[in-house]
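# A structural walkthrough
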Amino acid sequence: MTDRPVVLIAEELSPATVEALGPDFEIRNCNGADRAELLPAIADVDAILVRSATKVDAEALAAASRLKVVARAGVGLDNVDVKAATQSGVMVVNAPTSNIVSAAELAVALMLAAARNISPAHAALKDGEWKRSKYTGIELYEKTVGIVGLGRIGVLVAQRLSAFGMKVIAYDPYVQAGRAAQMGVRLVDLDTLMAESDFMSVHLPKTPETIGLIGADQLAKAKPSLVLVNAARGGIVDEAALYDALKTGRIAGAGLDVFAKEPCTDSPLFELETVVATPHLGASTDEAQEKAGIAVAKSVRLALSGELVPDAVNVQGGVIAEDVRPGIPLTEKLGQIFTGVAGEVASALDVEVRGEITSQDVKVLELAALKGVFSSVVEESVSYVNAPLLAAERGTEVRLVTEAESPDHRNLITLRGTLADGSQVSVSGTLVGIAQKERLVEVNGYDVDIEPTDHLAFFTYSDRPGMVGTVGQILGQAGVNIAGMQVARDAKGGQALVALSVDSAIPSETLAEISEAIDATTIRAVDLA
């Protein structure tokens, strides 16, 4: 038995992956492709790292009672049941940028190989034939290349081919023309791209909308000199239509790294000298494999420490802007304080964000709030994956509210909830100064200004002289040192609030003594440690 989290490495990964995990984990290994070996091995682990051979499906997830993270050292997730993982509260992470350079370089390599007939010329020479005149090729210089999909890899390919002196056009309905123009790329529709391109390279995800996108109708619009490259996903280019176009001379050549069904070792396309093909090598470089392993190892470290993981595919929130990041731990603490002050789970919760950061995507702050709200409510570990599920299970309606105006603070985050009896609870916080220090600035309508340290306490009582001194005296007798104190009231002689940050947890008997001494209306202690 071990107190350290257990990480199962189910496929061969680079040594740098284990190094990136560090000494804080117990590392185990198994052959993930062998189900009889995988299912018992996954039973008591906290995280599993896989590549493409291990299937983490509903059966495997059901066998993994402690599993918190599935990490895929690569981009695709065909072998991971993301829906089942989300329902189980298991985070799924991948390495979305680990192979982009390798994939872009392979696309360029396939284009050059097809343009210069490298594959058949190489095969002929190895067979003892010097066919110099037969394999005359074409230059890329001053030709037009059409990029289908101007995402991260498409952009890298466009940049590299621009350096070859090519004119770059692109089809991507989700990219603004202005952004493309900044890269020296002219956006066109797909028909125009097919008609104008001397070369084309496909860089789209495989979706129901993109399957068969490049078929007989599109290929009929192409120049006879077209060289088509697909190093993205199999099935986007209709292989039967491509074979027919190449066989009949409707287009000139193709470079393929992906196929509709893989592994693919028997295809009519392989019979054609005008086709250069590789067995899905886009991510198969030492650098890409190492980057993928290191990336998911870092994600596993973050996930098992309860932190937000930017590469988690089943956590809403998207890319996190730098201006939003400092607010994440503050919002999580506000969630903990909210639950501590409320003493129960709210039936409805608004996460209100005001100020400059609302110009960014702040969805992640809603997740951070829920993680904090439920961290002391449930026995299980609360993550950015299962926090929304926990809210749904408990009937908590959650809403994110944003407002650009923030009269008193540059940015303000407020958690405002309605309890079962109809009463409301609210807590607010902000970040101040160059160092972005966390401050709790409001509790149930009372203005305060206190650092949200590990140990906090809140007392409400009828405003009258001597109460602050009484609280301080009782805490002193109990050996609890006060780090900060704020007193607020709704009116002179009305209700008052004392907010305390202390160096150690306040014993329950001390809280009871304070409550009796000041005749407290409410008394709450919150431990954030």
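It should be noted that the structure appears before, not after, this text.
Throughout what follows, the structure given in this document is the object of discussion. (Residues numbered from 1 in each chain as written. Predicted model: local features only at pLDDT ≥ 70, side-chain atom pairs only at ≥ 80, totals over all residues. Heavy atoms only, no water.)

Taken in spatial order, the five strands make up an open sheet running β2-β1-β3-β4-β5, and their pairing is parallel. Because the sheet does not close on itself, it has two edges, and the strands there are β2 (26-29) and β5 (91-93). Between one strand axis and the next, the sheet turns by 20 degrees as a mean value, whatever way the strands run. In the sheet, strand β3 (residues 47-50) pairs with strand β4 (residues 69-72) via four bridges, with the strands oriented parallel. Residue pairing across strands places A47 opposite V69, the latter belonging to β4. Across the sheet, helix α12 (residues 286-304) lies against β1 (6-9), β3, β4 and β5, angled at about 170 degrees from β4, the strand it touches most. (Pairing = 2+ DSSP bridges. Helix = DSSP H or I, 4+ residues; strand = E, 2+ residues; numbered from the N terminus. Axes fitted to C-alpha atoms, helices over the stretch in contact; angles between N-to-C directions. Contact = heavy atoms within 4.5 Å.)

Okay, the pattern of salt bridges next. A side chain of one charge can pair with a side chain of the opposite charge if their charged atoms are brought near each other. Per the counting criterion, the structure on display carries 22 salt bridges. Here K131 makes a salt bridge to E129, at a shortest N to O gap of 3.5 Å. Judged by relative accessible area, which is 31%, K131 ranks as partly exposed. On the basis of relative accessibility, which here comes to 36%, the residue E129 falls in the partly exposed class. The partner of K223 in a salt bridge is D198, and the shortest N-O contact between them spans 3.0 Å. Residue K223 is found in the loop between α10 (216-219) and β10 (227-230), and its partner D198 is found in the loop between α9 (190-196) and β9 (199-202); the two are separated by 25 residues along the sequence. Among the ionic contacts, a cluster of salt bridges with common partners joins E26, R28 and D44. (Salt bridge = Lys/Arg side-chain N within 4 Å of Asp/Glu carboxyl O. Buried < 20%, exposed > 50% of the residue type's maximum accessible area, 1.4 Å probe, protein only.)

With that out of the way, let us pick up helix α7 (residues 152-162). Within α7, the full set of buried residues consists of G154, V155, L156, V157, A158 and L161. Buried residues along α7 sit against α5 (100-115), β6 (144-148), β7 (167-171), α8 (177-182) and β9.

A few words now on the nonpolar core. Formed by 48 residues in total, the largest nonpolar core has its most connected members in I337, F338, L365, L415, L440 and F458. Tallying contributions element by element places helix α14 (residues 363-374) first for this core, with eight residues. Not counting residues within four places of it along the chain, the set of residues in contact with I337 comprises V427, L440, P452, L456, F458, V526 and L528. Within the second largest apolar cluster, 30 residues are counted, among which are V108, A113, V175 and V227. (Core = buried A, V, L, I, M, F, W, Y, C linked by side-chain atoms within 4.5 Å.)

Structurally, the position occupied by V93 is in strand β5. The buried category is assigned to V93, whose relative accessible area is 0%. Each C-alpha atom, one on V93 and one on N314, is 7.9 Å from the other, the two residues being 221 residues apart in sequence. Filtering out sequence-adjacent residues up to four positions away, V93 remains in contact with V69, V70, A71, R72, S299, V309, D311 and A312.

For β6 and β7, the ladder comprises five bridges, and the chain directions are parallel. Along β7, the bridge assignment pairs G146 with I169. Handedness of the crossover joining β6 and β7 through α7: right-handed. Sheet topology places β7 next to strand β8 (residues 186-187); two bridges connect them, and they run parallel. Paired with A170 across the bridge in β8 is L187. (Right-handed = clockwise from strand over helix to strand, strands pointing away.)

Remark: helix α16 (residues 467-477) packs on helix α17 (residues 508-518), axes separated minimally by 10 Å, with the N-to-C direction vectors making an angle of 155 degrees. The orientation of α16 with respect to α17, classified from their angle, is roughly antiparallel. Seen from above, α16 lies across α17 with right-handed handedness. Every residue of α17 that contacts α16 at M467, T470, V471, I474, L475 and Q477 is listed here: T510, E513, I514, A517 and I518. Within the contact of α16 with α17, the residues separate by chemical class into seven nonpolar, three polar and one charged. (Parallel < 35°, antiparallel > 145°, perpendicular 65-115°, else oblique. Left-handed = near helix turned anticlockwise from the far one by under 90°. Nonpolar A, V, L, I, M, F, W, Y, C, P; charged D, E, K, R; others polar.)

Time to look at a negative patch on the surface. A cluster of acidic residues, E19, E105, D286, E287 and E290, forms a negative patch on the protein surface. The greatest single-element share of the negative patch, amounting to three residues, is contributed by α12. The residue E105 is located in helix α5 in this model. (Patch = residues over 30% accessible without salt bridge, like charges linked within 9 Å, V, L, I, M, F, W, Y side chains within 5 Å. Areas by Shrake-Rupley, 256 points an atom, 1.4 Å probe, with all protein chains shown as cover. Lys, Arg positive; Asp, Glu negative; His and termini not counted. Charge placed at Lys NZ, Arg CZ, Asp CG, Glu CD.)

Note on placement: E352 falls in strand β13 (residues 348-355). One polar contact links E352 to R354, side chain to side chain, over a distance of 2.9 Å. Each residue touching E352, except ones within four places of it in the same chain, is listed here: V401, L412, I413, T414 and R416. (Polar contact = N/O pair within 3.5 Å; in protein donor to acceptor, adjacent residues only side chain to side chain.)

Attention now goes to α12. Between the first and last C-alpha of α12 there are 27 Å, a value that for 19 residues agrees with the 27 Å anticipated at 1.5 Å per step. Residues of α12 that are buried include every one of A288, A292, G293, V296, A297, S299, V300 and A303, and no others. Burial along α12 is one-sided: seen end-on, the buried residues are contained in an arc of 165 degrees. Facing away from the buried side of α12 by more than 90 degrees, the exposed set consists of D286, E287 and K298. Where α12 is buried, its residues touch β1, α1 (15-21), β3, β4, β5 and α5. The positive-phi residue at the C-terminal boundary of α12 is G306, with phi of around 80 degrees. (Expected span 1.5 Å × (residues − 1). Arc of directions from axis to C-beta.)

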